[in-house]
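Close look at the chain arrangement
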Amino acid sequence: MTDLYSILGVPRTASAAEIRAAYRKLAKALHPDARPNDKAAEERFKQVTAAFKILSDEKTRGRYDRGDIDGEGRERPPFHFRSRPGGGASQKGPSGRFEDLGDVFSDLFTDFGAQNGRRQGAHGARAGHGYSPSQGADIKRAVTVSFLEAAHGTKRRVSVAEGKVLDVTIPEGVEDGRVLRLKGQGEPGAMGGQPGALLLEIRVEPHAVLKREGADIRLDLPVDLKEALFGAKVRVPTLDGPVDVRVPAGANSGTLLRLRGKGVKSDKGERGDQIIRILVDIPLNDPALEAFIENWTPPTDYAPRRRFDG
C-alpha cells in the first residue's frame with residue numbers, strides 16, 4: 001500500500017493540525033456526495049480516510065512510524081486490527097459510507113457544519129446520513145488596473161480555490177472600488193453543496209492629467225497668454241490617444257471646451273464627453289512682459305471684479 005503520508009500529501013514531520021487540514025480538504029473534494037458515480041474518487045476517498053484514521057491517532061501513528069503496523073493497520077506479523085476495543089473499523093478500512101467512518105469523520109463534518117453555519121433540519125437531509133449540503137465560502141481578491149485599462153476594459157489572471165488560476169474579464173468603464181462577483185469560483189461546497197463566489201475588487205490607478213467624473217473625463221489645459229489672446233491649436237490627451245483642439249481667441253481661465261463621445265462608456269452603453277477647462281498660465285520673471293504690463297492701461301470698460309459690486 002502507498003505510504004500514508006503520501007496519500008494525504010503531507011510530510012512525515014507534519015503536525016496533527018496539518019494532517020487534519022489535509023484530510024478536510026481531500027474529504028470535501030472526494031466524498032461520494034460531492035462526486036456521485038465517480039468510482040475513482042470513491043476509491044481515493046476510502047484511501048485518504050483510512051490513512052487519516054491511522055495518522056490522526058497519536059498511538060497508531062507512532063506504531064505505523066515504527067513499523068509495528070502496516071498501511072492498513074495490520075500487525076506485523078499480521079492479525080486483525082480494530083481501531084479500539086469494540087470499534088467499528090475493520091482492517092480493510094471504511095467502505096466509503098458515512099455510517100462506517102466512526103467518530104473521526106463525524107467530528108470532522110460537525111466542524112464543517114459549524115464553520116459554514118448550516119445545520120441539517122428536519123427535512124432535506126440526504127438518505128443515509130444526518131448532514132445536508134452546504135455552500136462553499138466566498139473568496140475575496142483585489143486587482144489593480146491602470147486608468148486607461150479601466151476605461152477600455154482588460155483581463156487579469158487571478159488565483160482562486162485549490163491553486164486554480166482564472167482569467168477574469170474587467171469590463172469596459174469599470175470604476176474604482178467596484179466589486180465583481182463571479183459565481184461558482186469560490187471555495188468548494190461540502191457534502192455536494194454549491195461552491196462559493198469570487199469577489200474581485202477593482203482598484204484603478206489615477207491618471208497623470210485625466211480625471212473621471214461619472215461617464216465624463218475632465219482635463220485642465222494650461223495655455224499661455226498669446227494662445228489665450230489669439231487662439232491656437234493645441235494637442236491634448238484623451239482616452240483614445242492625443243487629439244488637436246482649437247483654443248478660441250480671447251479664451252480665459254475657466255473657459256470650457258467639450259469633446260463629445262470622448263468619455264467613458266456608461267451603464268447605458270453610451271460614452272460620456274471629455275470636458276476641457278482652460279487655465280491661462282502667466283510666466284514668472286519675464287522682464288519684457290513685466291515692462292509691458294507696467295505701462296499698460298486697461299480699457300475703461302474692463303472690470304474683472306464687476307460681479308463683486310452689489
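Our subject is the structure listed above.
Structure report, in brief.

What counts, and where the lines are drawn
- Residues numbered from 1 in each chain as written.
- Predicted model: local features only at pLDDT ≥ 70, side-chain atom pairs only at ≥ 80, totals over all residues.
- Heavy atoms only, no water.
- Axes fitted to C-alpha atoms, helices over the stretch in contact; angles between N-to-C directions.
- Helix = DSSP H or I, 4+ residues; strand = E, 2+ residues; numbered from the N terminus.
- Parallel < 35°, antiparallel > 145°, perpendicular 65-115°, else oblique.
- Contact = heavy atoms within 4.5 Å.
- Nonpolar A, V, L, I, M, F, W, Y, C, P; charged D, E, K, R; others polar.
- Buried < 20%, exposed > 50% of the residue type's maximum accessible area, 1.4 Å probe, protein only.
- Polar contact = N/O pair within 3.5 Å; in protein donor to acceptor, adjacent residues only side chain to side chain.
- Pairing = 2+ DSSP bridges.
- Core = buried A, V, L, I, M, F, W, Y, C linked by side-chain atoms within 4.5 Å.
- 1 Å grid on protein atoms, 1.4 Å probe; cavity = no way out; pocket = protein on both sides within 12 Å on 5 of 7 lines; lining within 4 Å.
- Points joined across faces, edges and corners; volume = space filled by probe spheres on them.

1. Topic: the packing of helix H3 (residues 39–55) against helix H4 (residues 58–66)
Pairs of packed helices are described in terms of their axes, by the angle between the two and the distance that separates them. Where H3 meets H4, the closest approach of the two axes is 6 Å, and the angle between their N-to-C directions is 100°. One element, H3, and the other, H4, form an angle in the roughly perpendicular class. On H4, the residues touching Lys53, Ile54 and Leu55 of H3 are Thr60, Arg61 and Tyr64. Split into classes, the residues belonging to the contact of H3 with H4 amount to three nonpolar, one polar and two charged.

2. Notes on the environment of Glu172
You can see Glu172 is positioned in the loop between strand S3 (165–170) and strand S4 (179–182). Using a relative accessible area of 36% as the deciding quantity, one classes Glu172 as partly exposed. Taking C-alpha positions, Glu172 is 6.9 Å from Lys265, a pair spaced 93 residues apart along the chain. Sequence-distant contacts of Glu172, that is, excluding residues within four places in its chain, are made with Ala150, Ala151, His152, Gly153 and Lys265. Of the polar contacts made by the side chain of Glu172, one reaches the side chain of Lys265; its length is 3.4 Å.

3. As for the sheet that holds strand S11 (residues 274–280)
The strand order across the open sheet formed by four strands is S6-S7-S11-S10, and the pairing between neighbours is mixed. Of all strands in the sheet, those with a lone pairing partner are strand S6 (211–213) and strand S10 (256–259), marking the two edges. Taking the axes of each pair of neighbouring strands and ignoring which way they run, one obtains an average angle of 30° across the sheet. Pairing geometry for strand S7 (residues 216–223) and S11, over seven bridges, is parallel. The residue bridging Arg218 from the neighbouring strand is Ile275, located in S11.

4. Observations concerning the nonpolar core
Taken as a class, soluble globular proteins show a tendency for nonpolar side chains to be buried jointly. Within the largest apolar cluster, 36 residues are counted, with the highest numbers of intra-cluster contacts made by Ile170, Leu200, Ile202, Leu221 and Ile276. The residues contacting Ile276, other than those within four sequence positions of it, are Leu219, Leu221, Val236, Val245, Thr255, Leu256, Leu257 and Leu259.

5. Side note on the layout of surface pockets
Its volume calculated, the largest pocket comes out at about 720 Å³. Looking at the lining of the largest pocket, the elements that each hand over two or more residues are helix H7 (225–230) and helix H8 (287–294). Here the lining of the largest pocket gets five residues from one element, more than from any other, and that element is H7.

6. Some words on the pairing of strand S2 (residues 154–159)
Across six bridges, the pairing between S2 and S3 is antiparallel. Following the sheet pairing, Val158 is matched in S3 by Leu166. Between S2 and the antiparallel strand that follows it, S3, lie five residues; Glu162 among them carries a positive phi value of about 55°.

7. Digging into unusual backbone geometry
With a phi close to 65°, Asn37 is a non-glycine residue in the positive phi region. With respect to the element layout, Asn37 can be found in the loop between helix H2 (16–30) and H3. The phi angle at Met191 is positive, at roughly 55°, despite the residue not being glycine. Relative to the helices and strands, Met191 resides in the loop between S4 and strand S5 (198–204).

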